[in-house]
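Each chain, written out:
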Amino acid sequence: MASPNSTPLTLAIAGPSGRMGQALLRALPQFPQVSLTCVLSRQDAPGAPRVETPEQAFAAADAVIDFTRPALSLAIAEAAAEQKKIHVCGTTGFTPEEMRRFRSVSAGARVVWSANMSLGVALLASLVAQAAKALPEADLEILEMHHRLKEDAPSGTALLLGEAAAGARGKALADLRDAPRDGLTGPRKTGTIGFAALRGGDVIGDHTAMFAMAGERIELSHKASNRDIYATGALRAALWAAGQKAGFYGMADMVG
Ligand SMILES: NC(=O)c1ccc[n+]([C@@H]2O[C@H](COP(=O)([O-])OP(=O)(O)OC[C@H]3O[C@@H](n4cnc5c(N)ncnc54)[C@H](OP(=O)(O)O)[C@@H]3O)[C@@H](O)[C@H]2O)c1
């Protein structure tokens, strides 16, 4: 994993006024070798001179860190590919088609995308995969809770955990994903993966993978108590990507 003392890097932050943009600005002093050269924003924003397009951001910086919305992230990915630069993206809520497009337009760039940039969730995903493989008959339910303003559901992290479990059972999540339950749903189908999304207050991000069997239950949980874990993970990812070839990477590539 990249150490905070590696090669110097110039950086642009997209969406600096958002919750994650603010967390990135707070985390920057821990990374003295990263210099913020501009912010990519629709409005006046703190931190550095403002630019309005991804092309302008990459003209001023080696890397863009982006926790925004899929439409802007796709435009950033395209510009990163054109200028052969680094795009660290934590945006969630892509449709499957948008995710395919993300992978294709970013060819030539160094991209690190993850629905969750924390090291704790990278470990949780591997524990969930281990449990899903060891307990092929267990009913898996993935519960998540986030603040009342979150726009996408289930969270990108819940889907990431579902993909880890489905992969460990030799399937794609699309084949195992249970429909949201409401009304007369009947008994649960064996082997499916269910999701429940709770929204309220200012919860930053709680996730539990519950493996339910006859007579017992295993619950693997992660709870975020601040956003700094995602911000420092993204900054480490930008430094790590500087030493990689062009490619589309995830947190698992970075942490091994
Ligand atoms: N991967 C992870 O570890 C992780 C962790 C937390 C959150 N997330 C994800 O990161 C994304 C941002 O989360 P957040 O809580 O920081 O969101 P937020 O507070 O709403 O901030 C998003 C920022 O994106 C910019 N933006 C660009 N286009 C936009 C649009 N069409 N609508 C709204 N904003 C737009 C805005 O910045 P300007 O106004 O400056 O242009 C806005 O402040 C979400 O997808 C969230 O799920 C990922």
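Relevant structure appears above.
Procedures and definitions
Residues numbered from 1 in each chain as written. Predicted model: local features only at pLDDT ≥ 70, side-chain atom pairs only at ≥ 80, totals over all residues. Heavy atoms only, no water. Helix = DSSP H or I, 4+ residues; strand = E, 2+ residues; numbered from the N terminus. Axes fitted to C-alpha atoms, helices over the stretch in contact; angles between N-to-C directions. Parallel < 35°, antiparallel > 145°, perpendicular 65-115°, else oblique. Left-handed = near helix turned anticlockwise from the far one by under 90°. Contact = heavy atoms within 4.5 Å. Nonpolar A, V, L, I, M, F, W, Y, C, P; charged D, E, K, R; others polar. Near = heavy atom within 4 Å. Polar contact = N/O pair within 3.5 Å; in protein donor to acceptor, adjacent residues only side chain to side chain. Areas by Shrake-Rupley, 256 points an atom, 1.4 Å probe, with all protein chains shown as cover. Buried < 20%, exposed > 50% of the residue type's maximum accessible area, 1.4 Å probe, protein only. Lys, Arg positive; Asp, Glu negative; His and termini not counted. Salt bridge = Lys/Arg side-chain N within 4 Å of Asp/Glu carboxyl O.

Asks: Could you clarify how one ought to interpret the environment of glycine 183 in this entry?
Replies: Note that glycine 183 resides in the loop between helix 7 (173–176) and strand 8 (193–199). Taking the C-alpha atoms as reference points, glycine 183 and alanine 238, separated by 55 residues in sequence, lie 46 Å from one another.

Asks: I tried to follow the packing of helix 3 (residues 70–82) against helix 4 (residues 96–105) on my own but got confused; where do I start?
Replies: When two helices pack together, their arrangement is given by the angle between the helix axes and the distance between those axes. Following both chains from N to C, one finds helix 3 and helix 4 inclined at 15 degrees, their axes separated by 8 Å at the closest point. Comparing the axis directions of helix 3 and helix 4 gives the class roughly parallel. Regarding helix 3 and helix 4, the two cross each other, and that crossing is left-handed. Here Pro70, Leu74, Ala77, Glu78 and Ala81 of helix 3 lie close against helix 4, whose contacting residues are Glu98, Arg101, Phe102 and Val105. Tallied by class, residues from the contact of helix 3 with helix 4 come to 6 nonpolar, no polar and 3 charged.

Asks: Quick question: what am I supposed to make of the site of the ligand here?
Replies: Taken together, 22 residues surround the ligand, and among them Ser17, Met20, Ser41, Gln43 and Thr92 come closest. Between serine 17 and the ligand, the recorded distance is 2.8 Å, taken from a side-chain N or O atom to an oxygen atom. Taking alanine 115, its main chain carries an N or O atom lying 3.0 Å from a nitrogen atom of the ligand. Summarising the interface, the protein chains cover 82% of the accessible area of the ligand, which totals 910 Å² for the free molecule. When grouped by side-chain class, the residues that make up the shell around the ligand number 7 nonpolar, 11 polar and 4 charged.

Asks: How should I be thinking about the side chain of arginine 110 in this particular structure?
Replies: For arginine 110, the location among the structural elements is in strand 6 (residues 110–113). Aspartate 62 provides the closest opposite charge to the buried, salt-bridge-free arginine 110, at an N-O distance of 7.3 Å. At 3.3 Å, the side chain of arginine 110 and the backbone oxygen of alanine 242 are in polar contact. When sequence neighbours within four positions are dropped, the list of residues in contact with arginine 110 reads Lys84, Lys85, Ile86, His87, Ala241, Ala242, Gln244, Lys245, Ala246 and Gly247.

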